[in-house]
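What follows is the residue order along each chain.
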Amino acid sequence: MSMTQGAKYSKVAMLLHWLIAIAVIANWQIAERAHDLPQAERGEVMSYHFSLGMTILLLTLLRVIWRLMHRPPALSAGLKPWERILAKTTHTLFYILLIGLPLGGWIAMSGYGSGVPFWGLFEFPALPLGLDEGTGHEIFELHATAGTVLIYLAGLHVLGALKHTFVDKDGNLFRMLPFGTARD
């Protein structure tokens, strides 16, 4: 297992972090905007939501594999115990949601007997789970609620980064940026 040197994440971890973050925000906005569209247009727009969701799943799985093979830097020694707990809890919830949301969407689509399109290239087939449309609808409701939780969690994450940058001035934000000085 390779160790990440210094207080910064590896360049690959940084790239995956920012790609996933941008994709999550874009996917949230796609879903929000689709609700106001006429039914005929909504399906096409939601196909982008489905494709981006599966892209997020694949990027997150790649990030988990990378993290297992390239240990991230230790949390800053200057963190208070409550900050350590909050950081670990937040990151765990991120991984659960970043994997669970796309899988939940796929399971819900399967309840309708539909697969999940992937950028017009192919379709992830419907899972043979024996679900009906009613169950698919209920899973979509849970999916929407979990998506809202993910956005609030991202907001908390951003607030934490801003606190470390402007209040604590500890350079913690620069652990995930290719520039600036991160401290151990």
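The structure presented is a predicted model; accordingly, all values stated were derived computationally and were not measured.

Turning our attention to the overall build of the protein chain. A tally of helices and strands in the protein chain yields four helices and four strands. In terms of overall dimensions, the protein chain has a C-alpha envelope of 50 × 35 × 25 Å along the principal axes. Here the protein chain, with 184 residues, has 36% of them falling under the buried criterion. A total accessible area of about 11,100 Å² is found for the protein chain, and carbon and sulfur atoms account for 70% of it.

Attention now moves to a nonpolar patch on the surface. There is a patch of nonpolar side chains on the surface, built from Val158, Leu159, Leu162, Phe166 and Val167 and spanning about 520 Å² of accessible area. As for its placement among the helices and strands, phenylalanine 166 is situated in helix α4 (residues 133–167). Residue class for phenylalanine 166 comes out exposed when judged on its relative accessible area of 58%.

Moving on: the nonpolar core. By size, the foremost hydrophobic cluster in this structure holds 14 residues, and its most contacted members are Ile20, Val24, Ile56, Leu97, Leu98 and Leu150. Listed by contribution, the elements that provide at least two residues to this core are α1 (11–34), α2 (39–69), α3 (81–111) and α4. Not counting chain neighbours up to four residues away, the residues in contact with leucine 150 comprise Val24, Phe94, Leu97, Leu98 and Leu101. Judged by nonpolar contacts, the second largest core, of ten residues, contains Phe50, Leu57, Phe118 and Phe124.

The subject of this paragraph is the pattern of salt bridges. Inspection of the entire model under this criterion finds two salt bridges. Where glutamate 83 meets lysine 163, a salt bridge forms, and the shortest distance between an N and an O atom there is 2.6 Å. Taken together, the positions of glutamate 83 in helix α3 and lysine 163 in helix α4 put the pair 80 residues apart, joining distant regions of the chain. Note that aspartate 168 is salt-bridged to lysine 163, the shortest N-O span being 2.4 Å. Overall, aspartate 168 belongs to the partly exposed group, its relative accessible area being 29%.

The final tally for this structure, using the stated rule, is seven aromatic pairs. Site record: aromatic cluster; members linked through ring pairs are Trp106, Phe118, Phe122 and Phe124.

Given a rise of 1.5 Å per residue, 24 residues ought to cover 34 Å, and the 34 Å separating the end C-alpha atoms of α1 matches this to within 8%. Where α1 is concerned, the buried positions are Ala13, Met14, Leu16, His17, Ile20, Ala23, Val24, Asn27, Ala31 and Ala34. In this structure, the buried side of α1 is in contact with α2, α3 and α4.

Turning next to the UniProt feature "transmembrane region" (unreviewed entry) in the protein chain. Sites flagged by UniProt as "transmembrane region" (unreviewed entry) map to residues 12–31, 46–66, 93–122 and 142–162. Counting secondary structure, residues 12–31 comes out at 100% helix and 0% strand; the distance between its end C-alpha atoms is 28 Å. Across residues 142–162 one finds 100% helix and 0% strand; the C-alpha atoms that close the span lie 30 Å apart.

Calculation criteria
- Residues numbered from 1 in each chain as written.
- Predicted model: local features only at pLDDT ≥ 70, side-chain atom pairs only at ≥ 80, totals over all residues.
- Heavy atoms only, no water.
- Helix = DSSP H or I, 4+ residues; strand = E, 2+ residues; numbered from the N terminus.
- Buried < 20%, exposed > 50% of the residue type's maximum accessible area, 1.4 Å probe, protein only.
- Areas by Shrake-Rupley, 256 points an atom, 1.4 Å probe, with all protein chains shown as cover.
- Patch = residues over 30% accessible without salt bridge, like charges linked within 9 Å, V, L, I, M, F, W, Y side chains within 5 Å.
- Salt bridge = Lys/Arg side-chain N within 4 Å of Asp/Glu carboxyl O.
- Core = buried A, V, L, I, M, F, W, Y, C linked by side-chain atoms within 4.5 Å.
- Contact = heavy atoms within 4.5 Å.
- Phe/Tyr/Trp six-rings, centres within 6.5 Å; stacked < 30°, edge-to-face > 60°.
- Expected span 1.5 Å × (residues − 1).
- UniProt positions renumbered as here; feature names shortened; annotations may be inferred.

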